[in-house]
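# Structural description and commentary
Single-letter residue listing:
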Amino acid sequence: MATITIDGNQYDVDDTENLLAVALSKGYDLPYFCWHPELHSVGACRQCAVKQYRNDEDEKGMIVMACMTPCSDGGRFEIADKEAAEMRSQVIEWLMINHPHDCPVCEEGGECHLQDMTLMTGHTQRRYRGPKRTHRNQDLGPFISHEMNRCIACYRCVRFYRDYADGDDLRALGSHNNVYFGRDSDGALDNEFSGNLVEVCPTGVFTDKTLGAHYNRKWDMQNAPGICTHCSLGCNTSPGSRQGMLKRIQNRFHGEINHYFLCDRGRFGAGFVNRDDRPRQPLVRNADGILEPRAMDVMRDTMESVFAEAKGVVGVGSPRASLEDNYALRHLVGAKQFSNGMSAPDAAASRAALAVLENHSGQLATLREIEECDAVLILGEDVTQTAPRVALSLRQSARNKHHEMAAANKIPKWHARAVRDIGQTHNSPIFSATTHATRLDDIVVEPYRARPNAIAALGFAVANALDATAPAAVEPLDQDAQAFVDAIAATLKGAKKPLIIAGTSLGDPSILAAAGNAMRALRTANSEARLFVTFNEANSLGLAMMEDRDVDTAFAAIEDGTADTLVVMQNCLYERAPKARVDAAIKKAKNVIVMDHSLTRTVGEAATHVLPAGSFAEADGTLINNEGRAQRFFQVFIPDAPMQEGWRWAQDLAEVAGHKPDWIGMDDLIAAIVADMPQFAGIQDAAPSQSFRKFGMRFPRSPHRYSGRTALYANVDVRERRPEVDPDSALSYSMEGYQGVATPPALMSYAWAPGWDSNQAAITRFQDEVGGHLKGGDPGVRILRVAAGHSAFADATIHPVAGWQAVPIHAIFGSESQSARSAAIVERMPAAEYRVNPAAAKSLKLTAGDTLELAIDGETHAFPIAIDPSLPDQTVGVPVGMHGVCGLRLPVEIKP
């Protein structure tokens, strides 16, 4: 700790921090551009000038850059000093010389960090009247618009893209007064985190192209606290809307999960909410097989007849729907007639993962903790494609060696360039065992390629090498593999904070068991050891906790005649089982009632009755992320009737079926879940209740600058509409309400503070310290209970496949079904292709580009062949998801 003085005020501060971070943490308004809490300091923009005094006798002082100045004990600084303020004003004027006068039409207007800093320095009038430097803009793909003339050369974009996210196709080109930030040529940015440039850039150089397609001013949006639904990590988002249209997804800071950054799937994958082909009214399939709209009263009568005549009703839940939606369906059909909606392999892997998490619930890593780990073993997961935000955290984990070397040389962590120079290529070790090459291979010590059963065997062998009492696989490893195992074990043993990562994407429970054994062996000797497990979908863990029965149990009930009515909640049956079995069940079922927000294959081809459910933007709900953290998302806007939340439809159906539930709103429903299913105790604390108020006020969804409320609906009524009252949360559908730093983080729809309009700058006013946790605690509550004592090692059981095997190939763009319906994501989806290694292609007498027909689970698919040397022999990589095939049970033995 150090004691310093800022503008005459004395503070005890962290002496490892720089002055800029400390000043912002203490609430001072000090302008900056090149600095960022995650990118740290390079001192390039010269904007954060302050006066530093050597001692109490020094009256003259000297100008220093706050971001490059350590907080040494006894330091005395003046931000308000006239000379420092004058320099800051001059720097802004220099930067603005080439900046265009286009604020009224700039898409960044209203959230522009440059605007804020210009006003903060008092530069309100431009004196320069000469010619300005101009650039040609580039087409950077469907996600980002490019306007280089607005650039102030702060270098933030390339520092994030190249130094932090390890992208290599965005560069600083040119020199001096003609620096250009772009690609060598037009084309989509290749990195999976390119969308963060929209928020990292302090000006309007990089803007959200999906927002620009239906643009409105950013202060004119209605927002709500959201949770990303495109993987299991639970990244916090702030969706924005205007007049019932979802406009954008913005990062919402969470100190333990996503921090400042989202992946591109999470940021740009929500376009499905605005699709014209969504079910927006009740539909009934007529005798000609066409879905026709029905009025609500007619549909109610129809549903009453359906349930009165039903022989039996079974429900299919969904791992992408909220706990509330799934529980309401479970209540409708009965606990024993409810299935979790997962395929059998996914459900088995998810149950195995849940068991591992429960056994090690005290050692589960957050995304933020991953960045602190100094040795990592990844078993089976291609995290860049299945849980992308993990990959970004792992890239920071690899740089822990840089910080270790810097600390040994007394270089502070925040001195970005010095840390990078001393670290060079000396990374902390990351070991990865996957079925094929991944995007993380550039930071992996030695990639290990194997089939799922061999990956499990490797994991068991590592556990055995760490602890001789742990069982090893029956089949001994060859000499090279054993040497690799020994190297991994030695590295993990020697690490201060080792990490094991596994997941369910390969559908192999033995990989999860091996990860659990390795974790048990590690934690015995090292209490700092951590485990991180990923799941396939946003609420997979929640559904694994709720119900063991998978989708096959629902099909079995239809097939054996126990039930003749199938009720599906926000799920596509064709994504969960082979087409032949789904078709057979649909044909035998008398009624297939689907509550969904998208025109899935089940809605379009199988449903007899369709009820339009709200998406994440039109509903409230609770999701359980991969670490067991219950988090609440809230309705961004009220959808047009009769569309409503899935749980309300289930409630209506229960009423017509004769067993109306007792709950009325969300608070009642959550209380019912906790009372009925004790494993979910704690979810009620994920967010304040509906009755919560601050000084008698709700919390606004819209910023106080929101405009045009009367004009929006002037064609209907020239009087201003009264805002709707939210019966399910403490939020208001307006700008009215409490706006301040005491807003509970779970109810913070957007980040704004006086003088700070940019999302990533304003959030500092809501943090306990810059880059730290939110004041009041980060949203959500962990509900997994700490297991008593140490569980026994799992048996090292694996199921080897002797012949050909098909393994899944996931893609960040296309494998997740909701985002795959978004127009911007569709443009980035890879072409569907099978992958084999050269030896396998030769044995099949195929060359690259030839078409291969493959029969799996009774379905035949034909795709071109691509040669991938990283795949094991006699192994076919199959593209899964909307860009490839759905519903297949992979991995599986095949016969090409």
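Cut-off values and rules
Residues numbered from 1 in each chain as written. Predicted model: local features only at pLDDT ≥ 70, side-chain atom pairs only at ≥ 80, totals over all residues. Heavy atoms only, no water. Pairing = 2+ DSSP bridges. Helix = DSSP H or I, 4+ residues; strand = E, 2+ residues; numbered from the N terminus. Contact = heavy atoms within 4.5 Å. Axes fitted to C-alpha atoms, helices over the stretch in contact; angles between N-to-C directions. Domains from an automatic or database assignment. Buried area = accessible area lost by both parts, 1.4 Å probe. Salt bridge = Lys/Arg side-chain N within 4 Å of Asp/Glu carboxyl O. Nonpolar A, V, L, I, M, F, W, Y, C, P; charged D, E, K, R; others polar. Disulfide = S-S within 2.5 Å. Buried < 20%, exposed > 50% of the residue type's maximum accessible area, 1.4 Å probe, protein only. Parallel < 35°, antiparallel > 145°, perpendicular 65-115°, else oblique. Patch = residues over 30% accessible without salt bridge, like charges linked within 9 Å, V, L, I, M, F, W, Y side chains within 5 Å. Areas by Shrake-Rupley, 256 points an atom, 1.4 Å probe, with all protein chains shown as cover. Lys, Arg positive; Asp, Glu negative; His and termini not counted. Charge placed at Lys NZ, Arg CZ, Asp CG, Glu CD. Phe/Tyr/Trp six-rings, centres within 6.5 Å; stacked < 30°, edge-to-face > 60°.

## Here's the deal with the sheet that holds strand E24 (residues 591-596)
- In space, the seven strands of this open sheet follow the order E15-E14-E25-E24-E23-E16-E17, with mixed pairing throughout. In this open sheet, the two strands that pair with only one neighbour each are strand E15 (291-293) and strand E17 (338-339).
- Across five bridges, strand E23 (residues 565-569) lies against E24 in parallel orientation. Bridge pairing in E24 places Met 569 opposite Met 595.
- Against the sheet, helix H8 (residues 296-309) engages strand E14 (283-285), strand E16 (313-316), E23, E24 and strand E25 (609-612), with an angle of about 130° to E25.
- Of the strands in this sheet, E16, E17, E23 and E24 are in contact with helix H9 (residues 323-333), which crosses E16 at around 170°.

## So, the domain arrangement of the protein chain
- Per the domain assignment, the segments making up the protein chain are domain 1 (2-95), domain 2 (128-274), domain 3 (306-343 + 550-686 + 779-787), domain 4 (359-383 + 392-538) and domain 5 (804-894).
- One C-alpha centre belongs to domain 4, the other to domain 5, and the line joining them spans 27 Å.
- Taken together, the 11 residues of domain 4 in the interface contact 16 residues of domain 5.
- When domain 4 packs against domain 5, the two sides together hide about 960 Å² of surface, and 55% of this comes from carbon and sulfur.
- Our enumeration of links across domain 4 and domain 5 arrives at zero salt bridges.
- Partitioned by chemical class, the residues of the side of domain 4 that touches domain 5 number four nonpolar, five polar and two charged.

## Focus on the state of the cysteines
- The full count for this structure, using the stated rule, is zero disulfides.
- Lacking any disulfide linkage, Cys 34 is separated from the closest cysteine sulfur, that of Cys 45, by 3.6 Å.
- Residue classification places Cys 34 among the buried positions, given a relative accessible area of 1%.
- Looking at Cys 231, it has no disulfide partner, and the nearest cysteine sulfur is the one in Cys 228, 5.9 Å off.
- Overall, Cys 231 belongs to the buried group, its relative accessible area being 8%.

## Some thoughts on the side chain of Gln 818
- Relative to the helices and strands, Gln 818 is located in the loop between strand E31 (805-809) and helix H27 (823-828).
- For Gln 818, a relative accessible area of 4% translates into the label buried.
- Ignoring sequence-local partners within four residues, the contact set of Gln 818 consists of Thr 229, His 230, Gly 269, Phe 272, Arg 320 and His 597.

## Considering the packing of helix H10 (residues 344-359) against helix H18 (residues 509-525)
- Following both chains from N to C, one finds H10 and H18 inclined at 10°, their axes separated by 8 Å at the closest point. With respect to H18, the axis of H10 lies roughly parallel. Residues Ala 348, Ala 349, Ala 352, Ala 353, Val 356 and Asn 359 of H10 form the contact with H18, whose own contacting residues are Pro 509, Leu 512, Gly 516 and Arg 523.
- Tallied by class, the residues present in the contact of H10 with H18 amount to seven nonpolar, two polar and one charged.

## Regarding the environment of Pro 639
- With respect to the secondary-structure elements, Pro 639 resides in the loop between strand E27 (629-633) and helix H23 (646-656).
- Judged by relative accessible area, Pro 639 falls into the buried class, the value being 12%.
- In this structure, the C-alpha to C-alpha distance between Pro 639 and Glu 618, residues 21 residues apart in sequence, is 5.9 Å.

## Description of the sheet that holds strand E26 (residues 621-624)
- Pairing in this open sheet of three strands is antiparallel, and the strands run E26-E27-E30 from one edge to the other. Whereas interior strands pair on both sides, the edge strands pair on one side only; in this sheet they are E26 and strand E30 (781-782).
- The sheet contact formed by E26 and E27 spans four bridges and is antiparallel. From the neighbouring strand, Gly 621 faces E27, where its bridge partner is Phe 633.

## Remarks on the pattern of salt bridges
- Inspection of every chain in the model, using the stated rule, returns 51 salt bridges.
- Close ionic contact of Glu 537 with Arg 320 constitutes a salt bridge, the shortest N to O distance being 3.8 Å. Here Arg 320 lies in the loop between E16 and H9 and Glu 537 lies in the loop between strand E22 (530-534) and helix H19 (540-546), a separation of 217 residues in the sequence. When sorted by exposure, Glu 537 lands in the same class as Arg 320, which is buried.
- One continuous salt-bridge network, built from bridges that share partners, spans Asp 166, Arg 395, Arg 399 and Asp 442.

## Re a negative patch on the surface
- On the surface, Asp 12, Asp 14, Asp 15, Asp 73, Asp 768 and Glu 769 cluster together into a patch of negative charge.
- Along the polypeptide, Asp 12 turns up in strand E2 (residues 9-13).

## Description of the pairing of strand E3 (residues 49-53)
- In terms of burial, E3 is largely enclosed, as five of its five residues are buried.
- With four bridges joining them, E3 and strand E4 (residues 62-65) adopt antiparallel strand pairing. Note that in E4 the partner of Lys 51 across the bridge is Ile 63.
- Bridge analysis of E3 against strand E5 (residues 76-78) gives three bridges, and the strand direction is antiparallel. Its bridge partner being in E5, Gln 52 is matched across the sheet by Phe 77.

## Describing the packing of aromatic side chains
- Per the counting criterion, the structure on display carries 19 aromatic pairs.
- Consider the rings of Tyr 11 and Tyr 28, whose centres lie 6.2 Å apart with planes at 85°: the pair is edge-to-face. Residue Tyr 11 is located in strand E2, and its partner Tyr 28 is located in the loop between helix H1 (19-25) and E3; the two are separated by 17 residues in the primary sequence. In this pair, the class of Tyr 11 matches that of Tyr 28, namely buried.
- An angle of 55° between the planes, with centres 6.1 Å apart, marks the rings of Phe 272 and Phe 616 as tilted. Note that Phe 272 is positioned in the loop between helix H7 (264-268) and E14 and Phe 616 in the loop between E25 and E26, a separation of 344 residues in sequence.

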